[in-house]
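The residues making up each chain are set out below.
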Amino acid sequence: MTSVGEDLAPSGVLRASINLGNPVLAQGTPEEPAGVTVDIAREIARRLELPLELLCFDAARKSFEALTTDQADICFLAIEPARADRVAFTAPYVIIEGVFAVRRDSELTTVADVDRAGVRVGVKRGSAYDLYLTRTLQHATIVRGDEGTEVFLADGLEVAAGIRQPITQFVAGHPECRLIDERFMQIQQAVGTTKTRHPDTVAYLHTLIEDLKTSGFIADSLTRSNQPDATVAPPA
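Residues numbered from 1 in each chain as written. Predicted model: local features only at pLDDT ≥ 70, side-chain atom pairs only at ≥ 80, totals over all residues. Heavy atoms only, no water.

Caption draft 1: Up close: helix H10 (residues 217-224). Looking only at H10, the buried set comprises Ile218, Ser221 and Leu222. One side of H10 carries all its buried residues, which in axial view fall inside an arc of 100°. Opposite its buried face, H10 presents the exposed residues Thr223 and Arg224, each directed more than 90 degrees away. Buried-residue contacts for H10 involve helix H2 (36-48), strand E7 (94-103), helix H9 (199-214) and strand E12 (231-232). Of the residues one or two after H10, Asn226 is the one with positive phi, at around 60°. (Buried < 20%, exposed > 50% of the residue type's maximum accessible area, 1.4 Å probe, protein only. Helix = DSSP H or I, 4+ residues; strand = E, 2+ residues; numbered from the N terminus. Arc of directions from axis to C-beta. Contact = heavy atoms within 4.5 Å.)

In structure tokens form, the structure reads like this:
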């Protein structure tokens, strides 16, 4: 029977797709990436006694494409129905939140207020919150760009969507804007691989992630990468 290592990394090198576009999960540069996803990738490679190659991208959609076009063996993405038909996910290891920013004089004060005709919401193209809002908003219009905050400013949109930590930083640097503090979604971040893997391989990754959560590995990694506001997911 093929081992987990041979099934997961048939080239003999574990290729991990890292999304540097999510600053909660990964920081640094493509040459020197850091953060919880990098730590998890290194731990998976260590346990399987495999060399590791980190493939860094600036957006989740590119990380997803790397996995689904056989450029990568594992990825670190939010669990979303639009991805689940091609990606076998573990249970989540971290939970982060999606929130909205608006201009300070905006009449929009709650998440429910945002879903109105005439309201335009800036999102990062292909992000978890783009996918979520695409399937849940019924009246507002989604405007996609390289960053939700950039298209919000450039096009004079009513709302910017994003992850709580960078959106909070954005608002701090733009006094003309404010945060709608209520979250519009929980983003469940998980390890993924292709659905072509053997069920034993997917089960191995699931068990490994559960061990990293309960042992304190994930919490320690988040602390080291200065992400104290990210929440370790509960045991599955």
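And the narrative resumes.
Caption draft 2: Just the pairing of strand E8 (residues 120-124), in detail. Counting buried positions over the 5 residues of E8 gives 4, a clear majority of the element. Where E8 and strand E9 (residues 141-145) come together, 5 bridges link them in parallel fashion. Looking at E9, one finds that Lys124 is bridged to Gly145. After leaving E8, the chain enters helix H6 (residues 128-136) and then returns to the sheet as E9, a path that is right-handed. For E8 and strand E10 (residues 159-163), the ladder comprises 2 bridges, and the chain directions are parallel. (Pairing = 2+ DSSP bridges. Right-handed = clockwise from strand over helix to strand, strands pointing away.)

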